[in-house]
Structures are given as structure tokens and as C-alpha cells.
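Residue-level structure breakdown
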Amino acid sequence: MIAIALKDLKIILGDRKALLLSFLLPIFLVGLFAFVYGSMGGPREEHPVKLLITDQDQTDLSAGIVARLDSLKSIRLTSMTLEEARQKVTRGDYPAVLVLHKGLADSISANRPGVLEMQYDPARELEMGLLQQAILLPLFELIGRPALQEMIFEEVQGDYPRLDPGLMKQIKNNIEKNFRSGKVSQVLENRNPIIMTPLIPVERASWALIQAVAGTAVMMLLFSVAGLGAGLLAERETGTLKRLLITPLHPMHILYGKLLSTLVVSVLQLVVVFIFAWLVFGLDLSLNPPALLLVAFTTAFACASFGIFLAAVSTSRKQVEMLSTLIILIMSAIGGSMIPLPIMPAIMQKLAAVSVNYWSIQGFFDIFWRELPLWEILPRIAILFGIGVLLITLARVFFKRNLASLV
Amino acid sequence: MIKIRNLSKQFGDVNALKKMNLSVQPGEFFGLLGPNGAGKTTTVNILSTLLKPDEGSVTINGLDLLSDPRGAKRLLGVVPQELALYDQLSAADNLHFWAELYGMKGVKLKTRIRQLLELMGLADRQNDRLATFSGGMKRRVNLAVALLHDPDILFLDEPTVGIDVQSRHRIYEILGELHREGKTIVYTTHYLEEVERLCEKIAIIDHGEIKAEGTLESLRQLVQGESEVLVVLDDSSIQTATVEPLPADVRLMDEGLLATGDDVNDLVQKLVTICSARNWKIRDIELKTASLETVFLQLTGKELRD
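For clarity, every value in this text was computed on a predicted model and none was experimentally measured.

The rules behind each value
Residues numbered from 1 in each chain as written. Chains lettered and ligands numbered in written order. Predicted model: local features only at pLDDT ≥ 70, side-chain atom pairs only at ≥ 80, totals over all residues. Heavy atoms only, no water. Helix = DSSP H or I, 4+ residues; strand = E, 2+ residues; numbered from the N terminus. Contact = heavy atoms within 4.5 Å. Areas by Shrake-Rupley, 256 points an atom, 1.4 Å probe, with all protein chains shown as cover. Core = buried A, V, L, I, M, F, W, Y, C linked by side-chain atoms within 4.5 Å. Buried < 20%, exposed > 50% of the residue type's maximum accessible area, 1.4 Å probe, protein only. Patch = residues over 30% accessible without salt bridge, like charges linked within 9 Å, V, L, I, M, F, W, Y side chains within 5 Å. Salt bridge = Lys/Arg side-chain N within 4 Å of Asp/Glu carboxyl O. Lys, Arg positive; Asp, Glu negative; His and termini not counted. Charge placed at Lys NZ, Arg CZ, Asp CG, Glu CD. Domains from an automatic or database assignment. Buried area = accessible area lost by both parts, 1.4 Å probe. Polar contact = N/O pair within 3.5 Å; in protein donor to acceptor, adjacent residues only side chain to side chain. Phe/Tyr/Trp six-rings, centres within 6.5 Å; stacked < 30°, edge-to-face > 60°. Pairing = 2+ DSSP bridges. Axes fitted to C-alpha atoms, helices over the stretch in contact; angles between N-to-C directions. pLDDT = per-residue confidence, 0-100.

**Some remarks on the overall build of chain A**
Per the secondary structure count, chain A includes 17 helices and 5 strands. Long-range pairs, those at least 24 residues apart, make up 77% of the contacts in chain A between residues at least 6 apart in sequence. Summing over all exposed atoms, chain A offers an accessible surface of approximately 20300 Å²; the carbon and sulfur share of this is 64%.

What follows is the structure, given as C-alpha cells:
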């Protein structure tokens with residue numbers, strides 16, 4: 001028994017590359033997840049939430065609100081027109097736009113509600129919670145408290161018109177004191193003075209379902225193609241690669257043949273996943289069939305190219321296994337397959353753009369959640385296709401370079 | 001005809017081939033022999049267009065291998081040492097796949113596959129997956145793949161490794177038929193008796209150089225003057241001999257003891273003395289002409305190669 005264990009340890013310790021990766025991988029992933037999850041519980045100032053604002057009132061009060069919100073470290077405020085802002089929210093670039101409607105100042109002084117509106121993307125509920133938490137108190141201080149104080153005082157004056165002016169002044173002071181002490185603020189803080197308007201109809205498919213289907217499908221596809229790509233190295237081990245190279249076939253056609261078979265399997269895998277989501281969870285596949293086909297195809301193409309790239313850069317199946325596990329887990333973690341992008345730190349959200357997962361998941365969100373027309377999804381489709389082309393180009397270079405050692 | 005001129009190939013500090021020259025005539029059955037690391041595989045890999053030489057030229061039926069590798073590939077059939085086949089596919093599917101890579105299709109393809117399966121004695125198993133085949137059957141499919149496009153020249157690298165005697169003899173018969181059809185065959189193997197049996201011309205390669213080239217007879221003449229005496233022993237004596245130390249110039253063979261030298265009388269006396277001293281029963285004494293193994297060892301030495 002000890003002899004077997006010693007022999008196995010000797011073999012394991014002998015493969016330095018594999019050993020290094022098997023230690024580096026968990027360390028890296030622990031670091032990555034600690035960074036992501038750590039940011040969720042940390043101070044909001046370190047990870048400000050993006051918010052758009054549209055000031056249609058253009059009064060001193062509305063300018064004061066903009067300036068006050070802009071001074072908050074927990075928010076990164078950007079001003080723009082309502083039309084532009086709505087477009088950005090609908091396209092998933094921002095979680096919400098705060099609209100200061102025309103007549104805000106007048107409404108406040110006349111104690112009329114309904115002039116402050118938050119138009120938001122319901123897919124980003126978590127960010128919305130953080131946003132409301134950040135802006136409610138400052139907004140209340142600016143517009144709610146003075147108006148409420150005045151309202152209460154006027155009520156008292158109306159009910160007791162004959163009260164002694166000295167007593168009236170004392171009552172007014174007491175009201176102000178109570179507001180300053182925070183007692184009233186705490187009660188009112190829980191009452192949202194902002195009208196919340198979802199920009200995307202809530203009756204659409206659950207964003208969580210889209211996240212689960214798209215995120216998991218892409219991640220599993222990457223694992224699947226890594227195995228198929230390793231088929232090239234299996235051909236080397238059995239000697240069939242050598243025999244293929246002896247035939248009149250151009251060596252690059254071997255690579256393209258592998259790519260084609262991997263692509264077919266990848267497309268079928270995505271088709272099966274989405275049909276399952278339709279049958280079991282009611283995901284509406286009829287929303288934009290051309291866009292769905294294109295996003296699915298380019299996702300499969302990018303993933304298949306990734307599998308071929310892995311096979312071309314590696315010289316053994318062990319290397320493929322280790323490299324694929326490392327790269328896929330990293331891409332899935334930062335690209336939104338494992339953790340929804342909105343809750344990730346800003347830096348991670350920027351890094352996400354280097355992953356296939358990101359562009360694919362966003363493409364599926366464009367179709368099922370944002371319901372964008374095809375022409376607006378085309379840039380993401382083009383990027384997925386570009387990633388595929390880039391990976392094939394790199395695979396060609398490495399395959400050519402490694403060819404001599406492969407036979 | 002294969003013409004190799006001043007062929008050189010270096011891997012790092014190792015000179016795998018040193019200005020090698022070799023000619024194989026059309027229709028010749030040519031044996032390429034050499035110990036491990038002698039340069040056989042490098043030569044076959046260059047001839048198969050898998051490797052490019054650093055220097056020198058190779059022409060195959062007048063076609064320059066380096067300037068027109070794709071053209072040359074159509075003239076060549078290669079039987080690799082590995083069973084370069086797909087176990088998950090049937091014998092017919094394997095042949096179909098490889099034939100398509102040579103541009104074959106339609107009736108021609110089907111007819112050729114049928115012919116080859118019959119030639120290999122595998123027609124009744126053509127639809128069975130290769131995973132269910134014995135080693136010998138797989139070796140025959142391996143050979144059939146190389147013959148699909150009916151090449152003029154056939155390279156065979158250890159085509160009989162790890163198979164039973166019957167399968168080996170079947171392969172010898174098939175190779176004999178191909179030779180009679182006029183195909184040029186270049187054969188590399190570690191089994192010297194195969195070369196003695198099959199090849200018309202033999203080259204012995206070592207350290208990247210051709211040490212000797214010619215017919216079996218001409219190679220034997222290189223060690224002329226040397227004689228071999230074989231003392232045939234009974235089975236129990238051979239058993240005992242396997243654990244007894246022997247003089248350095250006496251070798252234990254399957255049948256008995258073999259000694260090589262220039263004086264037959266001395267050799268006989270020496271072997272009889274050894275046997276008498278150990279009470280080993282002599283059943284026969286044979287005077288042998290120098291074998292290919294003797295020539296091989298004399299040219300390449302007895303030093304072990306890794």
C-alpha cells in the first residue's frame with residue numbers, strides 16, 4: 001500500500017507543470033472569488049454604483065439635487081438627456097436613470113408627489129437596492145424634510161389658529177428639533193419618495209433564468225470543446241496524426257476539420273440547452289430567431305476555436321486538461337457565468353470583456369431580456385466571431401510551430 | 001526509383017543523418033537496417049515528407065520531394081509502426097476515410113476497398129469495429145490503408161511488431177504479391193530474419209551513415225573468412241545453459257551454442273570442451289555461413305543502444 005502511494009507521489013511530483021498548475025489553480029480561484037465576494041460586503045465608497053440623471057426641471061433645487069448626488073462617493077453620476085439615458089439603461093450599460101421632471105421645485109413647494117422618477121432595468125435589482133440605499137437620505141434631506149416640516153407646521157396652525165405666538169414658535173422649534181434628531185427621518189426614510197418605473201416590462205422572462213441558461217450553457221460548452229480539441233492530441237498518440245500528415249491533405253485542413261466537427265457538436269449542444277429551457281422553463285425562443293441563431297452560432301464558433309487553440313498550444317493531453325480548467329474557470333468567473341456581472345467590482349466588469357462568456361451572455365440578454373433588434377446585437381456577434389477568428393489564427397501559428405514535435 | 005543524395009539532418013547537437021547517399025531501384029524489395037538511433041526513422045520521416053532535411057535532395061520517380069511534396073505523397077504508401085487507425089470505426093469505415101483523403105470516391109473507392117479487404121482476408125469482418133480485432137488483423141488493416149491509392153512505392157516501418165506467427169506469414173505473403181506486381185518496397189525492421197527472407201537489397205545504417213549496402217550475399221562476403229559453428233543441445237542442457245556463464249565469444253541461441261571465428265576446428269573444439277565440462281548433451285554440430293546478424297553486429301558493434 002505504501003509502495004503504491006510512494007510510486008504515485010513520485011509520478012505526480014515528476015510532472016512539474018501539472019503540479020504547479022494544480023497548486024496555482026485553487027490559489028488563483030480562491031483569490032478571485034475572495035475579491036469578488038469581498039467587494040459585495042465592503043464599503044460602497046470603494047465600489048461606486050453607476051447612475052444616470054436627467055434634469056428636466058432646471059431649477060436651483062434640481063441643480064442642488066444633482067450637485068448633492070454627485071458629491072456622494074458611493075455613486076458615479078452621469079448627466080444626459082432622458083432619451084439617451086433610457087437607451088443606455090435598456091441596452092444594459094447602466095442600471096437606472098433618475099429623472100427630475102419639469103415642475104419638481106413647484107411640486108415640492110406645493111406638496112405634490114410624483115416628480116422624481118427612477119427608470120431602471122429590473123435585471124439589476126441588486127444594484128437598484130444599493131442605489132436607493134445611497135440616494136434616499138440625501139434626497140430626503142434636500143426635498144423631503146423642509147417640505148414635511150412646513151406641512152406639519154401649517155397643519156398645526158390651521159387646527160389651532162388662536163394659539164399664543166410664543167407657544168407656536170416653541171412648537172415649530174420642537175418639530176425642527178425632532179427632524180434634526182433623526183427620529184422622523186428614520187421613519188420617513190423607509191418610505192420611498194421616488195416613483196420606480198421598470199424600463200423593461202417585468203412580465204418578460206426572468207433575468208435569473210436567462211443568466212442561468214446562458215451562463216451555464218457557455219461554461220459547459222467551453223469544457224466540452226476542450227475535450228473535443230484534445231482529440232487532436234489523441235490522434236498524435238495513436239499515430240493517426242502522423243498518417244494524416246503523410247496524405248496529400250494540407251496540414252491546416254486537419255485543424256479546420258477538427259474545428260468543423262467541434263463546431264457542429266457545439267451548435268447542437270446549444271440548441272439542446274435552449275430547447276430544454278423553452279420546454280421546461282418557458283424561455284421564449286421566438287423573440288428574435290435570426291439574432292438567436294447568430295449569437296448561438298458565433299458563441300459555438302468562438303468556443304470551438306478555443307478548443308482548437310488549446311489543442312494547438314499543448315503538446316500533451318495532460319497539458320490540455322490543466323490549461324482548459326484554468327482558462328475556462330477564469331473566463332467563467334470573470335465573464336459572468338459563475339457570478340452575475342453587475343455584482344462584480346468595476347475592474348472585474350472591465351476585465352470580463354476578454355472572455356467569450358461575457359459577449360455570449362450579453363448577447364443572450366440582448367435577445368431575451370432587452371429585446372434589442374438584430375442590428376443592435378450585431379456588434380456583440382461581430383466580437384464573438386472576431387474572437388473565434390483570432391483564436392484560429394493563433395492556433396494555426398502554434399500548430400505549424402509544433403508540427404515537427406507532433407510527429 | 002528513389003534517389004537520396006547527401007541527405008543531412010541535425011537535431012540540436014545530434015547529427016541524425018550525415019550526407020547520406022542511397023538508391024532504391026524500381027520494383028526492388030529494399031531492407032533498411034540499423035540499431036536504435038541509427039537514423040532509420042529520420043530517413044523514413046524525410047522520405048514520407050514529414051520532415052525537411054537540412055541539406056541534400058530526394059527524388060522519387062524523378063519527382064523532387066522537397067519542391068513537390070504533395071505530388072510525391074501520391075506515389076507513396078506508408079505503413080507506420082503504430083496502428084494508425086480509428087478503433088471506434090469499422091475496418092470498411094477506416095478504409096473509406098483514408099481513401100477519401102487521397103481523393104478517391106464512388107465506384108472506384110468501393111471496388112478498391114473490397115479488393116483490399118479480400119487481399120487481407122478481412123472481407124467477412126469489414127463491418128466490425130476495429131476495437132474487436134486482434135493485433136494481427138489490425139496490422140493487416142494498417143497495411144491495407146497504405147495500399148488504398150495503389151502507390152508505386154511502399155515504406156513499411158516494423159509492420160509485423162507484436163503479432164502472431166500466422167498473421168506475420170500472411171503479411172509476408174501479401175508483401176511477396178505486391179513485390180511481384182512490381183511495387184518498390186522499403187522495409188525497416190529489427191527482425192533480421194525477415195530481411196534475410198524478404199529483401200533483395202539491404203542497407204545497414206548507423207550513426208546517420210550507410211555502413212554497407214548490397215545484396216544479402218554481398219554483405220555476407222564482408223565478413224568472409226569468418227565461420228559460425230552451432231552446437232545443437234538437448235532441451236535440458238539449453239535450460240541449464242541459460243543460467244551458466246559463457247565465454248564472451250560464445251552466444252546462446254534457441255537451439256544451442258554459437259561461436260564465430262576464422263578456424264572451424266578451433267571453434268568446434270572450443271564448443272565441445274564447454275559442453276563436456278558441463279555435461280551438456282550435444283545433439284548435432286552445424287557449420288553455418290555468416291548470418292546477417294553477424295554482419296550487422298560486425299558493422300554496428302555490440303554496444304547497447306538506447
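**Comments concerning the side chain of A:Thr262**
Tracing the sequence through the fold places A:Thr262 in helix 12 (residues 251-281). Filtering out sequence-adjacent residues up to four positions away, A:Thr262 remains in contact with A:Val225, A:Leu228, A:Ala304 and A:Ile308.

**As for the nonpolar core**
Residues B:Ile2, B:Leu143, B:Leu148, B:Leu154, B:Leu175 and B:Ile202 are the most contacted members of the largest nonpolar core, which totals 154 residues. No other element matches the 15 residues that helix 13 (residues 289-313) of chain A contributes to this core. Setting aside residues up to four positions removed in sequence, B:Leu154 forms contacts with B:Gly77, B:Leu143, B:Ala146, B:Leu147, B:Leu175, B:Leu178, B:Thr184, B:Ile185 and B:Val186. Of all hydrophobic cores here, the second largest spans 25 residues; its members include A:Leu72, A:Ile75, A:Leu98 and A:Leu100.

**Considering a negative patch on the surface**
A contiguous patch of negative charge, built from A:Glu150, A:Glu154, A:Glu155 and A:Asp159, is present on the exposed surface. Along the chain, the position of A:Glu150 falls in helix 6 (residues 125-159).

**Points about the environment of A:Leu222**
Looking at where A:Leu222 falls in the secondary structure, it is placed in helix 9 (residues 207-229). Not counting chain neighbours up to four residues away, the residues in contact with A:Leu222 comprise A:Cys303, A:Phe306, A:Ile328, A:Met331 and A:Asn357.

**Some words on the domain arrangement of chain A**
Residues and elements named next belong to chain A. By the assigned domains, chain A splits into domain 1 (14-37 + 204-403) and domain 2 (49-198). Here the C-alpha centroids of domain 1 and domain 2 sit 46 Å apart. Of all residues in domain 1, the largest losses of buried area upon contact with domain 2 belong to Pro 342, Trp 369 and Arg 370, amounting jointly to 48% of the total for that side. Put simply, domain 1 and domain 2 have 1 salt bridge between them. Here Glu 376 makes a salt bridge to Arg 91, at a shortest N to O gap of 3.9 Å. Taken together, the links from domain 1 to domain 2 amount to 2 residue pairs in polar contact (both at pLDDT 80 or more).

**Describing the packing of aromatic side chains**
The full count for this structure, using the stated rule, is 10 aromatic pairs over all chains. Judged by centre distance (6.0 Å) and plane angle (15°), the ring pair of B:Tyr86 and B:Trp98 falls under stacked. Within this pair, whereas B:Tyr86 is found in the loop between strand 6 (76-79) and helix 3 (91-101), its partner B:Trp98 is found in helix 3, the two being separated by 12 residues in sequence. Given a relative accessible area of 15%, B:Tyr86 falls into the buried group. For B:Trp98, a relative accessible area of 1% gives the class buried. Between B:Phe97 and B:Trp98, the aromatic rings sit 5.0 Å apart at their centres with planes inclined by 70°, giving edge-to-face as the arrangement. An aromatic cluster of at least three residues, connected via ring pairs, comprises A:Phe274, A:Phe364 and A:Phe368.

**Structural notes on the sheet that holds strand 8 (residues 184-188) of chain B**
Residues and elements named next belong to chain B. Across the sheet, which stays open at both edges, the 6 strands sit in the order 6-7-8-3-9-10 with mixed pairing between neighbours. The sheet is open, and its two borders are formed by strand 6 and strand 10 (209-214), each paired with just one other strand. Neighbour to neighbour, the strand axes of the sheet diverge by 15° on average, direction disregarded. The pairing of strand 3 (residues 29-33) with strand 9 (residues 201-206) spans 4 bridges and is classified as parallel. Pairing of Leu 33 across the sheet is with Ile 204, part of strand 9. Against the sheet, helix 5 (residues 135-147) contacts strand 6 and strand 7 (153-157), and its axis sits at roughly 165° relative to strand 6.

**Some remarks on the confidence of the model for chain B**
Residue-level pLDDT values for chain B average 89, and 98% of them are 70 or greater. Across the interface, the model reports ipTM at 0.82; the global pTM reads 0.73.

**Comments concerning unusual backbone geometry**
Residues and elements named next belong to chain B. Residues other than glycine seldom take positive phi values, yet Asn 6 does so here, at roughly 50°. Residue placement: Asn 6 occurs in strand 1 (residues 2-11). Backbone geometry places Asn 61, a non-glycine residue, at a positive phi of 50°. Within the secondary structure layout, Asn 61 lies in the loop between strand 4 (55-60) and strand 5 (63-64).

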